[in-house]
Amino acid sequence: MMKTDTLEQIAYELYLAERDVYEVTKFVEQYPELTVETAYEIQAKLIELKCKHEQTTISGFKLGLTSKAKQQMMGVHEPSYGVLLANMALNVQQPISLKSLIHPKIEPEVAFVFKQDLIGPVVTVAQVLTATEYIAPAMEIIDSRYLNFNFTLPDVIADNSSSSRYIVGSQKYTVSEVDLVNMGCIFSQNDEIIATSTAGSVMGHPARAIAWMANKLIARGQHIRAGDVVLSGALTGSATMRSGDSFSVSFDGMEPLSVQVEL
Ligand code: 0L1
Ligand code: MG
């Protein structure tokens, strides 16, 4: 059992690393007793700190580690989640500045925006779809606070699942307008295709990842609220971002979404 003071200290160190743009070493080395459950407590403390000091509010959630490849890499069988904050959202046309980021990567996602609360513990895929107001193409910028993106599952959970920024396309689609299993996705960097995938690569259906999360959130006194944005998990590997790069994601049946990194 780790002391509350220690959890607060880890949350504060992660908060400072992000604020002052530097890397820290993973905490399991210092605290081998760090568990997934304790890590979610640290994440909650980190979010409290960020909301207070950055005067922002929770805008939704993100799924992480949804692909089999990333799970195998970390030796885990389930995803992680993190909290999205209003000040992480970027406007579609806004060039991305890398100045305040450590070693950012970008990945394509499907965003769900909710019109109803979704409260576990027995949320189904069908209920996720009924509660969804619309879906939209999205990209997530992840930026681990750990040295060289080197962490264990509890470390990454404490670090809010590497969340950093997100961009949601302005075109909205109902869940019946697109095929959330077979919809193809093309991810490009500087007009060259770097990866392709299908929406079903996220646990067979992106809504399955969201149902999984809704059913976990309730144990920690949280739930998806009407108005929340949820990033349902990366469809491909992430790409390292460099100044001047452009990235775009094109899903079958949806308008492409592009972003430009500042020079
Ligand atoms: O959104 C993600 O899949 C990232 C989760 C954390 C793992 C990583 O930083 O690669
Ligand atoms: Mg992601």
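For the structure itself, look to the data block above.
Residues numbered from 1 in each chain as written. Chains lettered and ligands numbered in written order. Predicted model: local features only at pLDDT ≥ 70, side-chain atom pairs only at ≥ 80, totals over all residues. Heavy atoms only, no water.

(A) Focus on the layout of surface pockets. Counted as a void, the largest pocket has a volume near 340 Å³. Along its surface, the largest pocket is lined by 24 residues, and Leu65, Lys70, Glu107, Ile142 and Phe151 are the ones closest to its centre. Of the residues belonging to the lining of the largest pocket, the class tally is nine nonpolar, nine polar and six charged. One number sums up the size of the second largest pocket: a volume of about 240 Å³. Taken together, 15 residues line the second largest pocket, and the ones lying closest to its centre are Ala44, Phe61, Val83, Arg220 and Gln222. Of all elements in the fold, only helix H2 (36-53), strand E1 (58-64) and strand E2 (80-85) reach the threshold of two or more residues within the lining of the second largest pocket. For the lining of the second largest pocket, the element with the highest residue contribution is H2, accounting for six residues. Broken down by class, the residue content of the lining of the second largest pocket amounts to seven nonpolar, three polar and five charged. (1 Å grid on protein atoms, 1.4 Å probe; cavity = no way out; pocket = protein on both sides within 12 Å on 5 of 7 lines; lining within 4 Å. Points joined across faces, edges and corners; volume = space filled by probe spheres on them. Nonpolar A, V, L, I, M, F, W, Y, C, P; charged D, E, K, R; others polar. Helix = DSSP H or I, 4+ residues; strand = E, 2+ residues; numbered from the N terminus.)

(B) A look at the site of ligand 1. In the region of ligand 1, 13 residues are neighbours, and Lys62, Lys70, Glu107, Glu140 and Ser162 sit closest. Here an oxygen atom of ligand 1 sits 2.7 Å away from a polar atom, N or O, in the side chain of Lys62. Leu65 is positioned such that a nitrogen or oxygen atom in its backbone is 3.2 Å from an oxygen atom of ligand 1. About the coverage of ligand 1: the protein hides 95% of its 300 Å² of free accessible area. At the level of elements, E1 and strand E5 (132-142) are the ones that each hand at least two residues to the shell around ligand 1. Of all the elements, E1 adds the most residues to the shell around ligand 1, at three residues. Tallied by class, the residues present in the shell around ligand 1 amount to six nonpolar, three polar and four charged. (Near = heavy atom within 4 Å. Polar contact = N/O pair within 3.5 Å; in protein donor to acceptor, adjacent residues only side chain to side chain. Areas by Shrake-Rupley, 256 points an atom, 1.4 Å probe, with all protein chains shown as cover.)

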